[in-house]
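Examination of the molecular architecture
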Amino acid sequence: MSPAKKLTVTALAGGIGASKLLLGLYHAMDPHALTVIVNTGDDIVLHGLKISPDLDIVTYTLAGVVDPTKGWGMRGETFHFLKRLATYGRETWFNLGDRDLATHVHRTDLLARGKTLTQAAESIRTALGVKSRILPMSDQPIPTIIETRDGNMHFQEYLIKHRTEPGVRGIHFAGIKHAHAAPGVLESICDAGRVIICPSNPLISIGPILAVPRVREQLRARRESVIAVCPIVGGKSLKGPSDKMLIQLGCGSSASAVAKLYADFTGTFVIDRRDAAQAPAIRALGMKVAILPTVMRTRAQKRKLARALLAL
Ligand code: FO1
């Protein structure tokens, strides 16, 4: 591998949890040498608009326009459009902001004109001045369906409309068998100096990317260069319902439980200091263990973890 290629990073990412680390990487390395492969299982069509939450969260974060409190949507957002929609009796459980709306209209129009999701994501990230490549995992829709006691529902309905209350029995990715990795996805895993699995939900953020045909195999082929950052610290998720879902699906909510899910394709598993006691169990799965401060609240903490990962 050439010295220039050695410095390249490909990251697999969900939304908010991943974006913290991605922001750290963006500032700790040459951002042009970073490629982000993003989960699109969360994508949903609402009010005729194609919404790609994780693509937008990653793009807005790296562009510096994300709402810093919520971690999704745009800074300084207003919701006049949503209020008007309610007038027509439409469901408004998914909070579409007025500024954010421009992104969904632009993407939906590009898709209607025959462009791919990859091309739409490229148009949005370049317009917002993001220097890193942002790739959807696939150009085909692969919605994440949560199987619950109350029936099957789209992930966004489970997360937002039903506030993760229904007990989870299973998860599937509709249409996955016939889907393909988007252009550049397999190549960027194959060519990168290192591959970083961001601290995202292993079941519904990283899981859908791994399920795209050939992605897991490609990661296995690069196992020694794959570094996964654990999203569970002290048995709790850093963000979102990972802990609850892992428990309900019988995996258990711990660093070693996530390590088991990643053992076949990960060379180095990164855990927080609080979980140091689990290091021997994780090493027994055949992975190296790095113990680092993985909780990122400040800009400095994000950069610090990013630098530590780049130095591994
Ligand atoms: N998350 C919420 O908790 N409530 C919302 O109403 C909501 C709206 C929303 C709109 C656009 C967007 O890009 C993201 C949005 N999110 C919202 C976040 C998103 O649903 C999830 O955090 C991700 O899908 C999981 O990564």
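Scroll up to find the structure this text is about.
In short, a report on the structure. (Residues numbered from 1 in each chain as written. Predicted model: local features only at pLDDT ≥ 70, side-chain atom pairs only at ≥ 80, totals over all residues. Heavy atoms only, no water.)

A closer look at the site of the ligand
Around the ligand, the surrounding shell holds 13 residues, and the nearest of these are Asp 42, Asp 54, Phe 94, Asn 95 and Gln 156. Asn 95 is positioned such that a nitrogen or oxygen atom in its side chain is 2.7 Å from an oxygen atom of the ligand. For the ligand, whose unbound accessible area comes to 530 Å², protein coverage reaches 87%. At the level of elements, α3 (53–63) and α7 (155–161) are the ones that each hand at least two residues to the shell around the ligand. The dominant element in the shell around the ligand, judged by the number of residues it contributes, is α7, at three residues. (Near = heavy atom within 4 Å. Polar contact = N/O pair within 3.5 Å; in protein donor to acceptor, adjacent residues only side chain to side chain. Areas by Shrake-Rupley, 256 points an atom, 1.4 Å probe, with all protein chains shown as cover. Helix = DSSP H or I, 4+ residues; strand = E, 2+ residues; numbered from the N terminus.)

Details of the packing of helix α2 (residues 16–28) against helix α14 (residues 299–311)
Between α2 and α14, whose axes approach to 7 Å, the crossing angle comes to 70°. Viewed along their axes, α2 and α14 adopt a mutual orientation that is roughly perpendicular. The residues of α14 that touch α2, namely those facing Lys 20, Leu 21, Leu 23, Gly 24, Leu 25, His 27 and Ala 28, are Arg 299, Lys 302, Arg 303, Leu 305, Ala 306, Arg 307, Leu 309 and Leu 310. By residue class, the composition of the contact of α2 with α14 is eight nonpolar, two polar and five charged. (Axes fitted to C-alpha atoms, helices over the stretch in contact; angles between N-to-C directions. Parallel < 35°, antiparallel > 145°, perpendicular 65-115°, else oblique. Contact = heavy atoms within 4.5 Å. Nonpolar A, V, L, I, M, F, W, Y, C, P; charged D, E, K, R; others polar.)

Thoughts on the side chain of Ser 256
Tracing the sequence through the fold places Ser 256 in helix α12 (residues 255–262). In this view, Ser 256 contacts Gln 278, Ile 282 and Leu 285; residues no more than four positions away in its chain are not counted.

What to know about helix α6 (residues 117–127)
Taken together, the buried positions of α6 are occupied by Leu 117, Thr 118, Ala 120, Ala 121, Ile 124 and Arg 125. Seen from one end, α6 has its buried residues packed into an arc of 160°, which puts them on one side. Gly 129 sits one or two positions beyond α6 and adopts a positive phi of about 80°. (Buried < 20%, exposed > 50% of the residue type's maximum accessible area, 1.4 Å probe, protein only. Arc of directions from axis to C-beta.)

Remarks on the packing of aromatic side chains
Tallied over the full model, the rule gives four aromatic pairs. On the basis of an interplanar angle of 40° and a centroid distance of 6.3 Å, the ring pair of Phe 155 and Tyr 158 is categorised as tilted. Separated by three residues within a single helix, Phe 155 and Tyr 158 lie in helix α7, roughly one turn from each other. Ring centres 6.4 Å apart and planes at 65° place the aromatic pair Tyr 262 and Phe 269 in the edge-to-face group. The exposure class of Phe 269 is buried, given its relative accessible area of 0%. Taken together, Tyr 262, Phe 265 and Phe 269 form an aromatic cluster joined through their ring pairs. (Phe/Tyr/Trp six-rings, centres within 6.5 Å; stacked < 30°, edge-to-face > 60°.)

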